[in-house]
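Coordinates in review
Chain by chain, the residues:
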Amino acid sequence: MPTLNWLGKDKVVTYHQHVPFHFLNKKFSVGNSDNMIIHGDNLLALKSLLPRYENKIKCIYIDPPYNTGNEGWIYNDNVSDSRLQKWLGQVVGKEGEDLTRHDKWLCMMYPRLRLLQKLLRDDGAIFISIDDNELFYLKCICDEIFGKSNFVANFVCKSKQGKVGTANKISSEHEYIICYAKNISVLNFKMIVKKSDGRKENLRQWGQADRREDRPTMFYPIEIEGEKVFPLKEDGTEGRWRVSEKTAQELLKNNQLELVNKNGFLNIYRKFPAGESSMPYGTWIENIGTTAKGTITLKNLGLIFEYPKPVELLEFIFNFATDKNSIVLDAFAGSGTTAHAVINLNRQDGGSRRFILIELNDYAENITAERVKRVGGEFTFYEIGEKLFDEDDFINESVPLEKIFDYIYFSETGKNFVPSEEKNLLGVNNDTAYYFFETLNWTTLAQIKTRAGNYVIYAESCNLSDNELIKYRITFKQIPFDIRKY
């Protein structure tokens, strides 16, 4: 498969594996829910989510910088933000000084998409808003990261009402939402359900493509009620049927065709049974909402934000891409439209969808979180906290032991650490007790009070022999090397 190359790619292709793990520090809560709003670099935030949310996210929506070169936008779209420049210098090195804005954008997006792919459920999908500036580059790297076979669709969204004067005399009125599945073989989007009261439809094709020469195989006779009927037009010229001959015979067998004689002109109609029918959603999105409508929504909440996505657009997506218990993630949260849409959708269908928002900029609290609060959402607000490992790859001594215990125990069992009277005990799961000591020796072994079938003990060193470890059913894991890194 062809791949896209750019300056700096070799430095970022595997960079997601080396992003340091940071803990998330709770700042405040609104209500009581598992919804999250994280203020900080989404690269660090996504890595921090991996232990608990890898393969757990049903739907991801992101609205990254479009890289238009427009300095006036709140996202600094020419990718010249000082924080990104610093990151490029650290990761890409000296050659980062020579990157074009497209190189920089690709370097920024690639590791983030890698982490997002890891967070998706097998039956999940990611939706990415973009315009013509980076659409084709984005498609190339998504083919590489998600797999070309997992491409679902490229939605075209009418984003502006009316024409806007431009230097090239063409008014751009649309944007795109590109969609990829984690595993398209198990992807299951909802369908549009239509109720039918038993309508009938002319079996002969009508409109622009109604000639026999357009589809010669669709010109054949149908024998019904002793008549042999061809798809002729009322003026006697030859047309074509709307279905293949094989399908027509199946419809005839199931009594779904009806002969109609209108003033001596024979025609056939297809009968649709009363009930419900379904059809897939299409890729053309219109009359749902524009950027202007999104701005009005925020103004009505007493907030101001440039170029917000309309909440109706995201409701439309989440309606067919999520179920009632899905987790929805937005790593470029902006004004918080994703959370607003999730809240609205839950109210409409009684669902309990959860949201996770990540926003780098300082308005994360006074706009993103404030919007969610004003529409009645509950959440916990987090900041990026301490690194688990220091620069020498040892455990960061400034991190509280309780956070380290929780990280290790969850990575081992998928369960939260609950402090107990036995201070070195992380927990017991499936008859295995997990411990954390500075050194594993006879003295620390004597401190163990919990009886279990097996023991996993983390320590910097071990003074017991291999035979002794086997005898006491102990698996020794050396700190920091055996602590799982995501």
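Residues numbered from 1 in each chain as written. Predicted model: local features only at pLDDT ≥ 70, side-chain atom pairs only at ≥ 80, totals over all residues. Heavy atoms only, no water.

1. Description of the packing of helix α2 (residues 42-53) against helix α4 (residues 101-119)
- For the pair α2 and α4, interaxial distance at closest approach is 10 Å and the crossing angle is 20°. As far as their axial angle goes, α4 and α2 are roughly parallel. Classified by chirality, the crossing of α4 by α2 is left-handed. Facing α2, whose interface residues are Asn42, Leu43, Leu46, Lys47, Leu49, Leu50 and Tyr53, α4 presents Pro111, Arg112, Leu115, Leu116, Lys118 and Leu119. (Axes fitted to C-alpha atoms, helices over the stretch in contact; angles between N-to-C directions. Helix = DSSP H or I, 4+ residues; strand = E, 2+ residues; numbered from the N terminus. Parallel < 35°, antiparallel > 145°, perpendicular 65-115°, else oblique. Left-handed = near helix turned anticlockwise from the far one by under 90°. Contact = heavy atoms within 4.5 Å.)

2. Focus on helix α8 (residues 311-321)
- Along α8, nine of the 11 residues are buried, which leaves the element largely enclosed by surrounding structure.
- All of the buried residues in α8 are Val311, Leu313, Leu314, Glu315, Phe316, Ile317, Phe318, Phe320 and Ala321. (Buried < 20%, exposed > 50% of the residue type's maximum accessible area, 1.4 Å probe, protein only.)

3. Considering the pattern of salt bridges
- Going through the model one piece at a time under the given rule, you end up with 31 salt bridges.
- Between Arg484 and Glu54 there is a salt bridge whose closest N-O contact spans 3.7 Å. You can see Arg484 sitting in the segment after β23 (474-478) and its partner Glu54 sitting in the loop between α2 and β3 (57-62), a full 430 residues away along the chain.
- Given the relative accessible area of 40%, Arg484 is considered partly exposed.
- A relative accessible area of 22% places Glu54 in the partly exposed class.
- For Asp393, the salt bridge is made with Lys485, and the minimal N-O distance between the two is 2.5 Å. Taken together, the residues Asp393 in the loop between β17 (379-387) and α11 (401-413) and Lys485 in the segment after β23 connect sequence positions 92 residues apart. (Salt bridge = Lys/Arg side-chain N within 4 Å of Asp/Glu carboxyl O.)

4. Concerning the packing of aromatic side chains
- By the definition in use, this model includes 26 aromatic pairs.
- Their ring planes at 80° and their centres at 5.6 Å tell us that Phe316 and Phe320 sit as a pair that is edge-to-face. Placement of both Phe316 and Phe320 in helix α8 is noted, with a separation of four residues, approximately one turn of the helix. The residues Phe316 and Phe320 share a single accessibility class, namely buried.
- Aromatic rings pair up to connect Phe127, Phe155, Phe189, Tyr281, Phe316 and Phe320 into one cluster.
- Note that Arg52 overlies the ring of Phe410, its terminal NZ or CZ placed 4.1 Å from the centroid. (Phe/Tyr/Trp six-rings, centres within 6.5 Å; stacked < 30°, edge-to-face > 60°. Lys NZ or Arg CZ within 6 Å of the ring centre and 35° of its normal.)

5. Regarding the side chain of Glu422
- Within the element layout of this structure, Glu422 appears in the loop between α11 and β18 (425-429).
- No salt bridge is formed by the buried Glu422, whose closest oppositely charged neighbour, Lys449, lies at an N-O distance of 6.6 Å.
- Separated by 2.7 Å, the side chains of Glu422 and Thr450 make a polar contact. (Lys, Arg positive; Asp, Glu negative; His and termini not counted. Polar contact = N/O pair within 3.5 Å; in protein donor to acceptor, adjacent residues only side chain to side chain.)

6. Examining the sheet that holds strand β11 (residues 257-262)
- The sheet built from three strands is open, its strands ordered β8-β12-β11 with antiparallel pairing. Of all strands in the sheet, those bounded by a partner on one side alone are β8 (200-202) and β11. For this sheet, the mean inter-axis angle between neighbouring strands, taken without regard to orientation, is 40°.
- Where β11 meets strand β12 (residues 265-271), six bridges bridge the pair, whose relative direction is antiparallel. Paired with Leu259 across the strands is Ile268, a residue of β12. (Pairing = 2+ DSSP bridges.)

7. Describing the sheet that holds strand β21 (residues 454-459)
- One open sheet accounts for four strands, arranged β18-β19-β21-β23; its pairing is mixed. Because the sheet does not close on itself, it has two edges, and the strands there are β18 and β23. Each strand axis lies, on average, 15° off the axis of its neighbour in the sheet, ignoring direction.
- One ladder, built from five bridges, connects β21 with β23; its direction is parallel. Residue pairing in the sheet places Tyr455 in a bridge with Ile474 of β23.

8. Quick look at the environment of Glu412
- With respect to the element layout, Glu412 can be found in helix α11.
- Residue Glu412 is classed as partly exposed on the basis of its relative accessible area, which comes to 24%.
- As a C-alpha pair, Glu412 and Pro51 span 361 residues in sequence and 10.0 Å in three-dimensional space.
- The contacts of Glu412, once residues within four sequence positions are left out, are Tyr434, Val456, Tyr458 and Lys477.
- A distance of 2.4 Å separates polar atoms of two side chains, one belonging to Glu412 and the other to Tyr458.

9. Topic: the side chain of Glu359
- Mapped onto the secondary structure, Glu359 falls in strand β16 (residues 354-359).
- Here Gly334 takes part through its backbone nitrogen, which lies 2.7 Å from a polar atom of the side chain of Glu359.
- One polar contact links Glu359 to Tyr363, side chain to side chain, over a distance of 3.2 Å.

10. Overview of unusual backbone geometry
- The step from Ile479 to Pro480 runs through a cis peptide bond, and the omega angle for that step is 5°.
- You can see Pro480 is positioned in the segment after β23.
- One non-glycine residue, Asn255, lies in the positive phi region at around 60°.
- For Asn255, the position within the fold is in the loop between α6 (245-253) and β11.
- Positive phi is not limited to glycine here, since Asp393 has a value of about 70°.
- Of the residues examined, Asp393 reaches a relative accessible area of 40% and is grouped as partly exposed.

11. Structural notes on the confidence of the model for the protein
- Residues at a pLDDT of 70 or more form 94% of the protein, whose mean pLDDT is 91.
- Note on residues 71-77: pLDDT under 50 across the span, and 26 contacts to partners over four residues away in sequence or across chains. (pLDDT = per-residue confidence, 0-100.)

12. Side note on the nonpolar core
- Leu113 and Leu329 are the most contacted members of the largest nonpolar core, which totals 73 residues.
- A per-element tally of this core places α4 first, with 10 residues.
- For Leu329, the residues in contact, after removing those within four places along its chain, are Leu46, Leu49, Ile57, Cys59, Ile60, Tyr61, Leu116, Leu119, Ile356 and Ile358.
- Formed by 38 residues, the second largest nonpolar core is a distinct cluster that contains Ile285, Ile288, Phe318 and Ala364. (Core = buried A, V, L, I, M, F, W, Y, C linked by side-chain atoms within 4.5 Å.)

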